[in-house]
Every structure is written in C-alpha cells, then in structure tokens.
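Listed here are the chains, written in short residue letters.
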Amino acid sequence: MRIGIFGGVFNPIHFGHLRAAEEVRTALDMDRVMFVTAARPPHKSLEIAAASDRLKMVQDAIRDNPNFISSSLELNRPAASFSIHTIEELRGNYPSAEFCFVMGIDAFLDFSTWLQPEKILSLSDIAIISRPPFGFDRIADSPFLTKITGGELDSLKDGKTRMIKKSSTAGRKIYLTNITPLGISSTLIRKLVKNGGSIKYLLPAAVESYILSNKLYGGSMGHTGG
Ligand code: ATP
Ligand code: MG
C-alpha cells in the first residue's frame, strides 16, 4: 500500500489542492492520499479558521473520492505539531505501508527549516509538485537531493516530462512532478470572501457553502452559492 501524505493548513481547501492530489496519486501510483490538516502554525496565526472548520471543509471536499482520506492526527496533539512526528505516528499505524510526502515547490523551499528534515527524508519519499509561479529551478541548488541537470530542468519546464526521479541525501526517492498548473491559493479565496467577491469554481460547492453560511474569513452571509 502506497500512501501519499499531503499536509496543509487547508484554510480553506480548494481545487488546487484536490487536483494536485489526484494527479500526484495517479503519477506515482498511490493507493491513497491522506490530507493531514495542520494545527495553526504560530507564525501564521492571522486569518486562520478554527481547526474544526478547516477539518470539516477537507472532509466535505474529499467525500466523493474513495482514494482520498483525511487525518486529524496533527490536531489531536497537545503541543506544536511537526511533520516528523506525523510520519513516525503513521508508520506505527500502517506498518506495511510505504509513504510519500507530497508538497508544492513553495513548501519544499522551506524544508530546511522543518524539524529534522534529514530524518523525514530517511523515513519517506518526497513528491515535489509544480505550483505556479514557482519553477523547479528554485530547488536546483537544494542540498537535499542529487543535482538536477539543466536538461532535466528544461524538460520539466517545457512540459515534455511529467516526472523526474532523484535521490534524497538519505538515499530515498524525490519525485519532481509536473501537474496541471492551477493558480489557486487559499490566500486568494480568503481575500475574495473578505471583499464580497465570488469564490465559485475555485473550490467544491460544499466548501463554498460552508464558508458563506459560517461567515468564515470576514465574509457576510450574502449568497450561499446554492
Ligand atoms: P495559503 O495561501 O494560505 O498559503 P495555500 O493555497 O498555499 O494556502 P496550503 O494549505 O498552504 O494552501 O498548502 C498545502 C500544500 O498544498 C502545500 O504543499 C502547497 O504547496 C500545496 N498547494 C496549494 N495550492 C496549490 C496549487 N494551486 N497547486 C499545487 N500545489 C498547491
Ligand atoms: Mg501556502
């Protein structure tokens, strides 16, 4: 069983996340993608909806996809939550599974600041997915993977290659995965809600209704999208 671990604040979850998860699942032949909702990170405390709301929106968003599962394990911890502890806990829960961490290029750019990055690399493969406007050249000098050649970068850039397999410094695999570029972010959605704009077709209708009827992100309950 191959399980992709897709962590995020999901504030809120949107089609950029969902399509990314579906494409990386098929590209890497994963049996499941697990959406792991993060606790409120201390450096990003503004504008973050309650964990229970973010988790509910993830559950609503993935309900119709049998290959997607949601985990609240990071929300059940008393103190700050770290990916290394998540992977250790999941390995205990699914002893025969193989895990692959999934993250956008923007998230991987911060990887050196994570707790025990080398240990994460020793326990799990990593799939780094494209995310506009970030290019794979941004990670070409990363100390965590074997050198990406100019030719590899070019073939990723012009879309000829869907995926390139590198090795991490810990000897496991790092997949650079090109997915359909969708310039959607949670930041954009929060901004639109705040300004009374439409968020239709950026995220599942159930999530749109949840945001509007619970007045998340400073929106007033104008239209409920139904
Ligand atoms: P925010 O704007 O609040 O930072 P976000 O849209 O970046 O929200 P996160 O919850 O921060 O969403 O991201 C979770 C993971 O999903 C990260 O690894 C991020 O790179 C990835 N991701 C988010 N949106 C996209 C997208 N449109 N395409 C590809 N990957 C994405
Ligand atoms: Mg983000």
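Look up a bit, the structure's there.
Residues numbered from 1 in each chain as written. Chains lettered and ligands numbered in written order. Predicted model: local features only at pLDDT ≥ 70, side-chain atom pairs only at ≥ 80, totals over all residues. Heavy atoms only, no water.

Colleague: It is not clear to me how the overall build of the chain should be interpreted in this structure. Could you clarify?
Modeller: The helix and strand inventory of the chain stands at 8 helices and 7 strands. Since a compact globule built from 226 residues should have a radius of gyration of about 17 Å, the 18 Å found for the chain is in line with a globular shape. Taken over the C-alpha atoms alone, the chain extends approximately 50 × 40 × 35 Å along its principal axes. Put simply, the chain has 226 residues, and 49% of those count as buried. Pairs at least 24 apart in sequence give 67% of the contacts found in the chain among residues at least 6 apart. Total accessible area on the chain stands at roughly 10900 Å², and carbon and sulfur atoms take up 52% of it. (Helix = DSSP H or I, 4+ residues; strand = E, 2+ residues; numbered from the N terminus. Rg over C-alpha atoms; globule rule 2.2 N^0.38 Å. Buried < 20%, exposed > 50% of the residue type's maximum accessible area, 1.4 Å probe, protein only. Contact = heavy atoms within 4.5 Å. Areas by Shrake-Rupley, 256 points an atom, 1.4 Å probe, with all protein chains shown as cover.)

Colleague: What am I meant to see in the packing of aromatic side chains here?
Modeller: What describes a pair of aromatic rings is the distance from one ring centre to the other and the angle between the planes of the rings. One pass over the structure, following the stated rule, counts 10 aromatic pairs. When the ring of F108 is compared with that of F111, the centres are 5.3 Å apart and the planes differ by 15 degrees; the resulting orientation is stacked. By relative accessible area, which is 3% here, F108 ends up buried. Arranged with centres 5.1 Å apart and planes meeting at 85 degrees, the rings of F111 and F144 form a pair that is edge-to-face. With a gap of 33 residues between them, F111 in the loop between α4 (105–108) and α5 (117–123) and F144 in the loop between β5 (125–129) and α6 (150–157) connect regions that are remote in the sequence. Exposure remark for F111: the relative accessible area of 0% places this residue in the buried category. Taken together through their ring pairs, the aromatic side chains of F101, F108, F111, W114 and F144 make up a single cluster. In this arrangement the basic side chain of K200 is found over the ring face of Y201, its NZ or CZ atom lying 5.9 Å from the centre. (Phe/Tyr/Trp six-rings, centres within 6.5 Å; stacked < 30°, edge-to-face > 60°. Lys NZ or Arg CZ within 6 Å of the ring centre and 35° of its normal.)

Colleague: Help me understand the side chain of S168 in this model?
Modeller: On the secondary structure map, S168 appears in the loop between β6 (163–167) and β7 (173–177). Setting aside residues no more than four positions away along its own chain, S168 makes contact with L121, F144, L145 and I174.

Colleague: Looking at this structure, how should I read the sheet that holds strand β4 (residues 98–104)?
Modeller: As a general point, the strands of a sheet are linked pairwise by backbone hydrogen bonds and lie either parallel or antiparallel. Spatial strand order, β3-β2-β1-β4-β5-β7-β6: 7 strands in an open sheet with mixed pairing. Of all the strands in the sheet, just β3 (68–71) and β6 have a single pairing partner and so form its edges. Going from strand to strand, the sheet's axes swing by 25 degrees on average, the running direction of each strand aside. Here β4 runs beside β5; their pairing, made up of 5 bridges, is parallel. Within β5, the position partnered with C100 by the bridge is D125. (Pairing = 2+ DSSP bridges. Axes fitted to C-alpha atoms, helices over the stretch in contact; angles between N-to-C directions.)

Colleague: Would you mind going over the site of ligand 1 with me for this structure?
Modeller: Neighbouring residues of ligand 1: 22 residues in total, closest D106, R131, L182, S186 and T187. Note that a nitrogen atom of ligand 1 is positioned 3.0 Å from one of the backbone N or O atoms of I184. Contact with the protein chains removes 91% of the 600 Å² of surface that ligand 1 exposes when unbound. Elements that contribute at least two residues to the shell around ligand 1 include exactly β1 (2–8), α1 (15–27), β4, α4 and α7 (186–194). Tallied by class, the residues present in the shell around ligand 1 amount to 8 nonpolar, 10 polar and 4 charged. (Near = heavy atom within 4 Å. Polar contact = N/O pair within 3.5 Å; in protein donor to acceptor, adjacent residues only side chain to side chain. Nonpolar A, V, L, I, M, F, W, Y, C, P; charged D, E, K, R; others polar.)

Colleague: It is not clear to me how the pairing of β4 should be interpreted in this structure. Could you clarify?
Modeller: Where a strand is regular, its side chains alternate between the two sheet faces. In terms of residue burial, β4 counts as a mostly covered element, since 6 of its 7 residues are buried. In terms of strand pairing, β1 meets β4 through 5 bridges, oriented parallel. Bridge pairing in β4 links I5 to F101.

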